[in-house]
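In case you want the letters, here they are:
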Amino acid sequence: MREILIVGGGYAGFYTAWGLEKKLRRDEARITVVDPRPYMTYQPFLPEVVAGSVEARHAAVSLRRHLHRTRLIAGSVTEVRNSAHTVTVRPVSGPEFDLHYDILVMTAGAVTRTFPIPGLSDQAYGLKHVEEAVAIRDRLLTSFDRAAILPHGPERRRLLTATVVGGGFSGVEGFGELLGLASALLKHYPEIGADELVFHLVEARGRILPEVTDKPGEWVVRSLEKRGARVHLNTQLVSAKDGRVVLSDGSEYDSELLVWTAGNAANPVVHNHTDLPVDARGLVTVRADLRVGSESEVVADVWAAGDDASVPDLAAGRPDARTVPNAQHAVRQGKRLAKNILASLRGRPTKDYVHHSLGVVATLGLGRGIFQYRRLVIKGFPAWLMHRGYHVLAVPSWERKARVFAVWVTAAFFGRDVISLASVQHPREAFVSSGDPRRSEKSADADAVAG
């Protein structure tokens, strides 16, 4: 029986395994997925997790709940030696070990791209995983609690100042939802005025949302600025040391919350620790049918898709075009990949991956959004409804759709939840301190050191 090894359980990896399970005969092949997390993150919901419009667990799709015939290994692949059909796995617990495969599927995804900016690694949050979205939300809510009892001054200003770096979809959606949450919190905090909220969006290019055309992008900037946001275009983060944000346009201020969403980079395992062919960006070179290789040469029994693969974009009509790293492509590539692997196993011809864009849609906060399909642009509340409708249909499984929809319906009647659970980062504090505030401070410090 052939061994199919899938590296990564994100969009492309999950849909590949899911599709294979549905079609493979039990004696035809075995499937193994290696991923350090036991779930697939539905990343389009992360901005709404930040805002409290979607429960954190509902933005994660359990691998074990849906992949019943797949062996799941909680760990990370640290090296791929295709010449020996072997990978090295570093499990969450225990020593490293090797896995042999007959068919390899590289869907390891991309990582957040960072730069050696002073203070960035110490101060910033990413927005690629559920735990990051939860931490960002809790940080903002805790800041409101702390600011409400402080007199006006530098510390209060710092607590009510937030900065998001990166003007792509992830950054703009996260910024819009974060700004919307902060504005909604004001009715619960009469001590804080709307003019005290300071939210900065920083983008190195001269425009935001490169996936839409110029005029819709300009409308988004105007819309955010009308809500009190400060949008810095053609601007870079110079330093964030000790929470002091310094921008290349001369701005300098203290910020309690710093979120970094400035693009993706090649997965270091793919880029540095494989003997597979990669391009100049460090992505696996892929043919149109998702086999690894070039038009003139193919790597036998190795496939790749998603954000770690350089996939030809046949719908673009240009020979050098490559698909952009987004959920639309990753999901559909995973489905095509499952069908092509099955066809290959059964001696049938494979099909090329071709997907014509369905348009782009983004949320800018509760009741606000933008949609564009070619020349058609829809703004405001209708676009926001389209965003919600599309993603509740796109999230895998009817169980997850029902849970997300139920939260939205509940919020429509009772509003969003505004409770911070930042204390879960120190779960033993109440037990150790026994209610003594002085002991509570010491236990929190000990937890922080241990973490």
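Here the structure is a predicted model, which means the values were calculated and not measured. (Residues numbered from 1 in each chain as written. Predicted model: local features only at pLDDT ≥ 70, side-chain atom pairs only at ≥ 80, totals over all residues. Heavy atoms only, no water.)

Q: Pulling in residues and values, what's your account of the overall build of the protein?
A: A tally of helices and strands in the protein yields 14 helices and 24 strands. Expected size for 451 residues packed as a compact globule is a radius of gyration near 22 Å; at 23 Å, the protein falls within 12% of this value. With respect to the principal axes defined by its C-alpha atoms, the protein has extents near 75 × 60 × 45 Å. Looking at the protein as a whole, 51% of its 451 residues qualify as buried. Expressed as a percentage of contacts within the protein between residues at least 6 apart in sequence, the contacts between residues at least 24 apart total 67%. Positive and negative side-chain charges in the protein, numbering 57 and 50 respectively, have mean positions lying 7 Å apart. (Helix = DSSP H or I, 4+ residues; strand = E, 2+ residues; numbered from the N terminus. Rg over C-alpha atoms; globule rule 2.2 N^0.38 Å. Buried < 20%, exposed > 50% of the residue type's maximum accessible area, 1.4 Å probe, protein only. Contact = heavy atoms within 4.5 Å. Lys, Arg positive; Asp, Glu negative; His and termini not counted. Charge placed at Lys NZ, Arg CZ, Asp CG, Glu CD.)

Q: Would you mind going over the pairing of strand 2 (residues 29-35) in detail, with residue names and values included?
A: When you tally the buried positions in strand 2, you get six out of seven residues, the bulk of the element. Bridge count for strand 1 (residues 2-7) against strand 2 is six bridges, and the pairing is parallel. The partner of Val 7 across the bridge, within strand 2, is Val 34. Considered for its hand, the β-α-β crossover made up of strand 1, helix 1 (residues 11-23) and strand 2 is right-handed. Two strands pair when backbone bridges link them, and strand 2 and strand 5 (residues 70-81) are joined in this way by five bridges, in the parallel orientation. If you follow Ile 31 over to strand 5, its bridge partner there is Thr 70. (Pairing = 2+ DSSP bridges. Right-handed = clockwise from strand over helix to strand, strands pointing away.)

Q: Describe the environment of Ser 420, naming the residues involved and giving the relevant values.
A: Structurally, the position occupied by Ser 420 is in the loop between helix 12 (398-414) and helix 13 (429-433). In the structure, Ser 420 is positioned 286 residues away from Val 134 in sequence and 9.3 Å away in space, judged by C-alpha atoms. In this view, Ser 420 contacts Asp 138, Leu 141 and Thr 142; residues no more than four positions away in its chain are not counted.

Q: Tell me about unusual backbone geometry, and please be specific about residues and values.
A: Positive phi values are uncommon outside glycine, yet Asn 234 reaches one of about 50°. Position of Asn 234 among the secondary structure elements: in the loop between strand 12 (230-232) and strand 13 (237-239).

Q: Residue-level account of the packing of helix 11 (residues 381-394) against helix 12, with values.
A: Interaxial distance between helix 11 and helix 12 falls to 8 Å at its minimum, and their mutual angle equals 150°. By the angle class used here, helix 11 and helix 12 are roughly antiparallel. For helix 11 against helix 12, the interelement crossing comes out right-handed. Contacts between helix 11 and helix 12 involve Arg 388, Val 392, Leu 393 and Ala 394 from the former and Lys 401, Val 404, Phe 405 and Trp 408 from the latter. By residue class, the composition of the contact of helix 11 with helix 12 is six nonpolar, no polar and two charged. (Axes fitted to C-alpha atoms, helices over the stretch in contact; angles between N-to-C directions. Parallel < 35°, antiparallel > 145°, perpendicular 65-115°, else oblique. Left-handed = near helix turned anticlockwise from the far one by under 90°. Nonpolar A, V, L, I, M, F, W, Y, C, P; charged D, E, K, R; others polar.)

Q: I'd love a proper account of the sheet that holds strand 15 (residues 252-254), names of residues and values included.
A: One open sheet accounts for three strands, arranged 13-14-15; its pairing is antiparallel. Strands at the two margins of the open sheet, each flanked by one partner only, are strand 13 and strand 15. If you compare each strand with its neighbour and ignore which way they point, the axes differ by 35° on average.

Q: Give me the UniProt feature "domain: FAD/NAD(P)-binding" (unreviewed entry) in the protein: which residues, what numbers.
A: In the numbering used here, UniProt assigns the feature "domain: FAD/NAD(P)-binding" (unreviewed entry) to residues 3-334. Annotated as 29% helix and 27% strand, the span residues 3-334 places its first and last C-alpha atoms 18 Å apart. (UniProt positions renumbered as here; feature names shortened; annotations may be inferred.)

Q: Describe in detail the pairing of strand 24 (residues 376-379), supporting the description with residues and values.
A: Alignment of strand 23 (residues 368-373) against strand 24, held across four bridges, turns out to be antiparallel. Of the residues in strand 24, the one forming a bridge with Ile 370 is Lys 379.

Q: So what's going on with the nonpolar core? Which residues, and what values?
A: With 107 residues, the main nonpolar core has Ile 4, Val 87, Leu 104, Phe 144, Leu 178, Phe 199 and Val 220 as its most contacted residues. Discounting residues that sit within four places of it in the chain, Phe 144 has contacts with Leu 160, Ala 182, Leu 185, Leu 186, Tyr 189, Ile 192 and Leu 197. Counting residues in hydrophobic clusters, the runner-up holds twelve residues, among them Ile 117, Val 202, Tyr 253 and Leu 258. (Core = buried A, V, L, I, M, F, W, Y, C linked by side-chain atoms within 4.5 Å.)

Q: Tell me about the sheet that holds strand 19 (residues 291-293), residues and numbers included.
A: Taken in spatial order, the eight strands of this open sheet run 7-6-5-2-1-8-20-19, and their pairing is mixed. Of all the strands in the sheet, just strand 7 (97-100) and strand 19 have a single pairing partner and so form its edges. Across this sheet, the average inter-strand angle for adjacent strands is 45°, counted without regard to direction. Across the face of the sheet, helix 10 (residues 327-345) comes into contact with strand 1, strand 2, strand 8 (103-106), strand 19 and strand 20 (298-304) while running at roughly 145° to strand 20.

Q: I'd like a description of the layout of surface pockets, backed by residues and values.
A: Each pocket or cavity is described by its volume, and for the second largest pocket that value is around 840 Å³. Taken together, 41 residues make up the lining of the second largest pocket; nearest its centre are Ala 108, Gly 109, Ala 110, His 129 and Asn 267. Considered class by class, the residues forming the lining of the second largest pocket number 19 nonpolar, 17 polar and five charged. (1 Å grid on protein atoms, 1.4 Å probe; cavity = no way out; pocket = protein on both sides within 12 Å on 5 of 7 lines; lining within 4 Å. Points joined across faces, edges and corners; volume = space filled by probe spheres on them.)

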